[in-house]
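Listed below, chain by chain, are the residues.
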Amino acid sequence: MTDQDEAGRGFWYGAAAYGMWGLFPLFWPLLEPAGAVDILANRMVWSLVAVALMLLVQRRWAWVRPLLAQPRRLALVAAAAAVISVNWGVYIWGVNSGHVVETSLGYFINPLVTIGFGVLLLHERLRRAQWAAVGIGVLAVAVLTIGYGRLPWIALTLALSFATYGLLKKKVALGGQEGFALESAAMFPFALGFLIYLQVRGTGSLGHAAGTTPAWAHAGLLVLSGVITAVPLLCFGAAAVRVPLTTLGLLQYLAPVFQFLIGITVFHESMPPARWAGFALVWAALAVLTYDALRRLRADRAALAAAAGRTPAAPAADHPAEPAPGAPVTR
């Protein structure tokens with residue numbers, strides 16, 4: 001299979017991952033009347049089951065023992081697990097309480113928050129276009145605060161928690177599947193203990209009918225929450241080794257676009273003019289950010305091509321060629 005074929009497959013894997021994440025607002029309401037924390041605990045428990053089965057089938061366990069001897073990385077994994085649990089819980093609550101559009105806003109502004117983290121925590125220097133995008137994003141939050149009549153805390157919590165999660169994941173430096181397995185394992189005892197507590201009290205949703213949904217079907221949906229959490233992650237992992245990060249960066253907007261459209265067309269959430277204005281500003285900031293990233297990518301490629309043209313060709317045996325963009329990367 002050629003590099004171009006692999007890149008094409010990677011694109012569709014990425015589109016599938018972000019497309020599935022974008023369709024999540026259609027799934028969580030199916031689990032009602034279970035509360036958000038109940039759903040979250042089930043998601044954690046069944047996610048570990050799903051990813052453990054996947055690792056078992058692939059026989060990918062060699063990384064576990066060396067990691068157990070690195071307490072600092074394990075602590076970072078535990079912190080990442082706690083942060084993503086907050087993200088998941090707020091997201092599920094937001095969707096099931098009629099705030100799908102605001103949850104989409106959280107993932108629209110996430111790239112801007114990530115850039116802000118880069119400046120504040122990693123002391124990165126921004127280009128003018130990036131400063132402009134961040135400034136437009138801050139203005140958008142101010143306009144949306146007026147439009148909602150309150151600070152859009154759901155969106156801000158999702159953006160801040162996901163940006164923090166990304167920062168911790170970068171420091172842990174584990175593969176997506178392996179990191180997800182450890183994070184699920186870190187939260188599993190708490191989630192399982194909470195589910196047992198609910199069952200003892202008689203308020204748990206597992207094994208009970210939900211409205212017209214039979215008990216077995218509702219239990220199946222709760223178990224499915226782990227599968228639908230793991231499958232997009234696998235698709236994302238398959239995409240990440242086949243396409244450039246720039247392509248993944250553009251594909252990431254699929255998820256909030258789908259969420260936004262679902263909120264308006266399926267759940268008929270209100271969008272007064274002030275909210276439209278705020279979202280328009282967010283989209284303008286993202287357009288500036290995307291244009292700057294693509295322009296910088298073209299400039300970097302041109303510089304590399306010019307440097308290659310000035311450098312004498314070396315013997316192939318001593319200097320193997322770099323893989324073409326989008327080619328699979330071995331780790």
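Just above, that's the structure.
Residues numbered from 1 in each chain as written. Predicted model: local features only at pLDDT ≥ 70, side-chain atom pairs only at ≥ 80, totals over all residues. Heavy atoms only, no water.

This next bit is on the packing of aromatic side chains. Describing an aromatic ring pair means giving the distance of the ring centres and the angle of the ring planes. One pass over the full model with this rule turns up 19 aromatic pairs. Relative to W12, the ring of F11 lies with its centre 5.2 Å away and its plane at 85 degrees, an arrangement referred to as edge-to-face. Judged by its relative accessible area of 61%, W12 falls in the exposed class. Just above the ring of W88 sits the side chain of R43; from NZ or CZ to the centre is 3.9 Å. (Phe/Tyr/Trp six-rings, centres within 6.5 Å; stacked < 30°, edge-to-face > 60°. Buried < 20%, exposed > 50% of the residue type's maximum accessible area, 1.4 Å probe, protein only. Lys NZ or Arg CZ within 6 Å of the ring centre and 35° of its normal.)

The linkage connecting E32 with the following residue, P33, adopts the cis geometry, with an omega of 15 degrees. In this fold, P33 is placed in the loop between α1 (3-22) and α2 (36-58). Notably, H268 is not glycine yet its phi reads approximately 50 degrees, a positive angle. Note on placement: H268 falls in the loop between α11 (254-265) and α12 (273-310). Take H268: its relative accessible area is 62%, and that puts it in the exposed class. (Helix = DSSP H or I, 4+ residues; strand = E, 2+ residues; numbered from the N terminus.)

Core analysis: the biggest nonpolar cluster contains 47 residues, and W28, L31 and Y91 have the highest contact counts within it. When contributions to this core are tallied by element, the ones reaching two or more residues are α2, α4 (71-96), α5 (100-120), α7 (153-172), α8 (176-201) and α9 (215-240). Ignoring sequence-local partners within four residues, the contact set of L31 consists of I39, H218, L221 and L222. In this structure, L105, A155, Y253 and F260 belong to the second largest nonpolar core, which totals 19 residues. (Core = buried A, V, L, I, M, F, W, Y, C linked by side-chain atoms within 4.5 Å. Contact = heavy atoms within 4.5 Å.)

This part takes up the environment of G10. By the element assignment, G10 lies in helix α1. The spatial distance from the C-alpha of G10 to the C-alpha of C235 is 8.6 Å, given a sequence separation of 225 residues. If we skip the residues at most four places from it in the chain, G10 touches A239, R242 and V243.

Time to look at α5. Here α5 contains 21 residues, and its C-alpha end-to-end distance of 30 Å stays within 8% of the 30 Å for a straight helix at 1.5 Å per residue. The largest bend along α5 measures about 40 degrees and falls at N110, with the proline P111 one to four residues further on. When you tally the buried positions in α5, you get 17 out of 21 residues, the bulk of the element. (Expected span 1.5 Å × (residues − 1). Bend = angle between axes of the 7 residues up to and from the residue.)

All right, on to α8 then. The end-to-end C-alpha distance of α8, which contains 26 residues, comes to 36 Å, matching closely the 38 Å that a straight helix rising 1.5 Å per residue would cover. Those residues of α8 that fall on the buried side of the exposure criterion are Q177, E178, G179, F180, A181, L182, E183, S184, M187, A191, L195 and L198. Among the structural elements, α2, α3 (64-68), α4, α7 and α9 are those in contact with the buried residues of α8.

All right, on to the pattern of salt bridges then. Overall, the coordinates contain 4 salt bridges when judged by the stated rule. One salt bridge in this structure joins R127 and D292, with 2.7 Å as the shortest N-O distance. With a gap of 165 residues between them, R127 in the loop between α5 and α6 (128-148) and D292 in helix α12 connect regions that are remote in the sequence. Classification of R127 as partly exposed rests on a relative accessible area of 28%. For D292, a relative accessible area of 1% corresponds to the buried category. K169 is paired through a salt bridge with E183; the nearest N and O atoms lie 3.1 Å apart. (Salt bridge = Lys/Arg side-chain N within 4 Å of Asp/Glu carboxyl O.)

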